[in-house]
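# Secondary and tertiary structure notes
What follows is each chain in one-letter form.
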Amino acid sequence: MPKPKTTIADIAAAAGVSTATVSKALNGKGRISEPMRRRIREIADSLSYSPNQMARALARGEVRIAVLCPDVYPEYQDYIFKGIEEAFAAYRDAHVTGVYFRRHADAPAERILADLDKIETRGGIDGVVLQTDRLDAPTRDRLCSLTARGIPVVRLEGTLPDVPRAGFVMSNGLVMGRMAAQCLHALLGDDAPVALLTPDASVELHEEFIRGFTEGTREYGLRMEAAWDTGHDADRLDGSIGRLLDVHPALRGLYVSSAYAAPVCACLRRRGLAGKLKVIGQDLYPALAACLRDGSLAATLFQQQQAQGRRAVEMLLSTLSNRTVPLCGEYITPQLVMLSNLECYLY
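Here goes a summary of the coordinates provided. (Residues numbered from 1 in each chain as written. Predicted model: local features only at pLDDT ≥ 70, side-chain atom pairs only at ≥ 80, totals over all residues. Heavy atoms only, no water.)

## Focus: the state of the cysteines
As enumerated under the stated definition, the model contains 0 disulfides in all. Cysteine cysteine 291 remains unbridged, with the sulfur of cysteine 265 as its closest cysteine sulfur at 4.1 Å. Residue classification places cysteine 291 among the buried positions, given a relative accessible area of 4%. (Disulfide = S-S within 2.5 Å. Buried < 20%, exposed > 50% of the residue type's maximum accessible area, 1.4 Å probe, protein only.)

Structure follows, in structure tokens:
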């Protein structure tokens, strides 16, 4: 027989105080001494108390989801926003709304901590969608503090190790890397020299792209020449590609594991290599579609960012409405887009 769920009445009985005092202590509101607040929270933890955030939200008449996201690469980011907004629109009748905390692409990690502080201290937030390609120890600790207070978190672009009551939605980077390798093998045949371009090999998702591509080159008999770090500065991309070609002049194929495939194709076009050096890109936007049409890009791997944004919100609402539904991780399967099926996509 399942154990009855702990209520604030149980905590009040154990602490020898009223339910009103327990409510104040757990919600961080009202006049109550800090030692008493700490004692009540310790009792709540010992009884495995899990507050029903959806019940609180419904009592307020709304559900508020905080969205912490960067203003970066509109070619990539616009899809994420679209998916999140689709989810909010679908649940508008249930009074689900988003509270956005947007930051510049170059903002320091402290900016995320500051936003999480606002969420924790101000209250009124029921769940968090966090989009970041990096997760340092202070941010992880702050997320643990939020989830301990019953505020679930779903991360985009990476996993959430060691954070309880949290989940993630991200591209299946391993599969994407393997798909890129298979595509290049189909175009070039055995033993063709190929390379991967990455803006940052230290980022979790890009590590997966590299690992998948490396495994794929071995599986399909390609010659992996380099995983070349281009950095995030698009203005320096031309020089970076020039150095790559100087070091590896026999290259026949490239996998661009970022939103930079269109600029890469432009660089190759200026060198008279468009169409000769086969390129597999990532994402889908007008400039990239033009590269598919002119033949400078052989194919692109669409990460379905719209689905990622939508699923992140749906996962939060699912666990808020039913605490027995655990948060978990979900990998979104990429789609191969070529000139032959380009018309099937909106971009």
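## As for the packing of aromatic side chains
On inspection of all chains with the given rule, the structure shows 5 aromatic pairs. Geometrically, the ring pair formed by phenylalanine 81 and tyrosine 100 is edge-to-face, given 6.3 Å between the ring centres and 75° between the ring planes. Taken together, the residues phenylalanine 81 in helix H5 (residues 74-90) and tyrosine 100 in strand E2 (residues 96-104) connect sequence positions 19 residues apart. A connected cluster of aromatic rings, assembled from ring pairs, spans Tyr79, Phe302 and Tyr345. (Phe/Tyr/Trp six-rings, centres within 6.5 Å; stacked < 30°, edge-to-face > 60°. Helix = DSSP H or I, 4+ residues; strand = E, 2+ residues; numbered from the N terminus.)

## Some details on the layout of surface pockets
When its volume is computed, the largest pocket comes out at roughly 800 Å³. Taken together, 35 residues form the lining of the largest pocket, with Val72, Tyr73, Asp133, Glu157 and His232 sitting closest to its centre. For the lining of the largest pocket, the elements supplying multiple residues, two or more each, are H5, E2, helix H6 (109-122) and helix H9 (204-220). Sort the elements by how many residues they give to the lining of the largest pocket and H9 lands first, with 3 residues. When grouped by side-chain class, the residues that make up the lining of the largest pocket number 16 nonpolar, 11 polar and 8 charged. (1 Å grid on protein atoms, 1.4 Å probe; cavity = no way out; pocket = protein on both sides within 12 Å on 5 of 7 lines; lining within 4 Å. Points joined across faces, edges and corners; volume = space filled by probe spheres on them. Nonpolar A, V, L, I, M, F, W, Y, C, P; charged D, E, K, R; others polar.)

## Re the pairing of strand E8 (residues 253-256)
Burial along E8 is two-sided: Gly253 and Tyr255 and Leu254 and Val256, pointing in opposite directions, are all buried. Looking at chain direction, strand E6 (residues 193-198) and E8 are connected through 4 bridges and run parallel. Each residue of the ladder has a partner; that of leucine 197, found in E8, is valine 256. Alignment of E8 against strand E9 (residues 278-282), held across 3 bridges, turns out to be parallel. Bridge assignment links glycine 253 to a residue of E9, and that residue is lysine 278. (Pairing = 2+ DSSP bridges.)

## Notes on the packing of H6 against helix H7 (residues 137-148)
At a closest axis distance of 10 Å, the pairing of H6 and H7 adopts a crossing angle of 15°. Looking at the two axes, H6 sits roughly parallel to H7. Along this stretch, H6 crosses H7, giving a crossing that reads as left-handed. When H6 is examined against H7, the residues Ile112, Leu113, Leu116, Asp117, Ile119 and Glu120 are found in contact with a partner set consisting of Pro138, Thr139, Arg142, Leu143, Ser145 and Leu146. Residue composition of the contact of H6 with H7, grouped by class: 7 nonpolar, 2 polar and 3 charged. (Axes fitted to C-alpha atoms, helices over the stretch in contact; angles between N-to-C directions. Parallel < 35°, antiparallel > 145°, perpendicular 65-115°, else oblique. Left-handed = near helix turned anticlockwise from the far one by under 90°. Contact = heavy atoms within 4.5 Å.)

## As for the sheet that holds E2
Judged by pairing direction, the sheet is parallel, and its 6 strands sit side by side in the order E2-E1-E3-E4-E5-E11 without closing on themselves. Two strands in the sheet have a free side with no partner beyond their single neighbour: E2 and strand E11 (329-332). Going across the sheet, the axis of each strand differs from the next one's by a mean of 15°, ignoring polarity. Alignment of strand E5 (residues 166-171) against E11, held across 4 bridges, turns out to be parallel. Across the sheet, valine 169 pairs through a bridge with glutamate 330, a residue of E11.

## Looking at helix H1 (residues 8-15)
Listed as buried for H1 are Ile11, Ala12 and Ala15. Down the axis of H1, the buried set is contained in an arc of 100°. They therefore lie on one face. Phi for glycine 16, located one or two positions after H1, is positive at around 70°. (Arc of directions from axis to C-beta.)

## Structural notes on the sheet that holds strand E10 (residues 299-302)
Pairing within the open sheet is mixed, and its 6 strands lie in the order E7-E6-E8-E9-E10-E12. One side of each edge strand has no neighbouring strand; the edge strands of this open sheet are strand E7 (223-229) and strand E12 (335-337). On average, adjacent strands in this sheet sit at an angle of 20° to one another, irrespective of strand direction. Here E6 pairs with E7 via 6 bridges, running parallel. Within the sheet, the bridge partner assigned to alanine 195 lies in E7 and is alanine 226.

## Concerning the pattern of salt bridges
A full pass over the atoms with the stated rule returns 20 salt bridges. Where glutamate 62 meets arginine 64, a salt bridge forms, and the shortest distance between an N and an O atom there is 4.0 Å. The shortest N-O distance in the salt bridge between aspartate 71 and arginine 102 comes to 2.8 Å. Within this pair, whereas aspartate 71 is found in strand E1 (residues 63-71), its partner arginine 102 is found in strand E2, the two being separated by 31 residues in sequence. A residue is classified by how much of its surface remains accessible, and aspartate 71, at 38% relative accessible area, is partly exposed. When salt bridges with common partners are traced through the structure, they connect Arg178, Glu208, Arg211 and Glu215 into a single cluster. (Salt bridge = Lys/Arg side-chain N within 4 Å of Asp/Glu carboxyl O.)

## Let's talk about the side chain of threonine 300
Positionally, threonine 300 belongs in strand E10. Within the structure, threonine 300 has its side chain in polar contact with the backbone oxygen of aspartate 283 (distance 2.7 Å). (Polar contact = N/O pair within 3.5 Å; in protein donor to acceptor, adjacent residues only side chain to side chain.)

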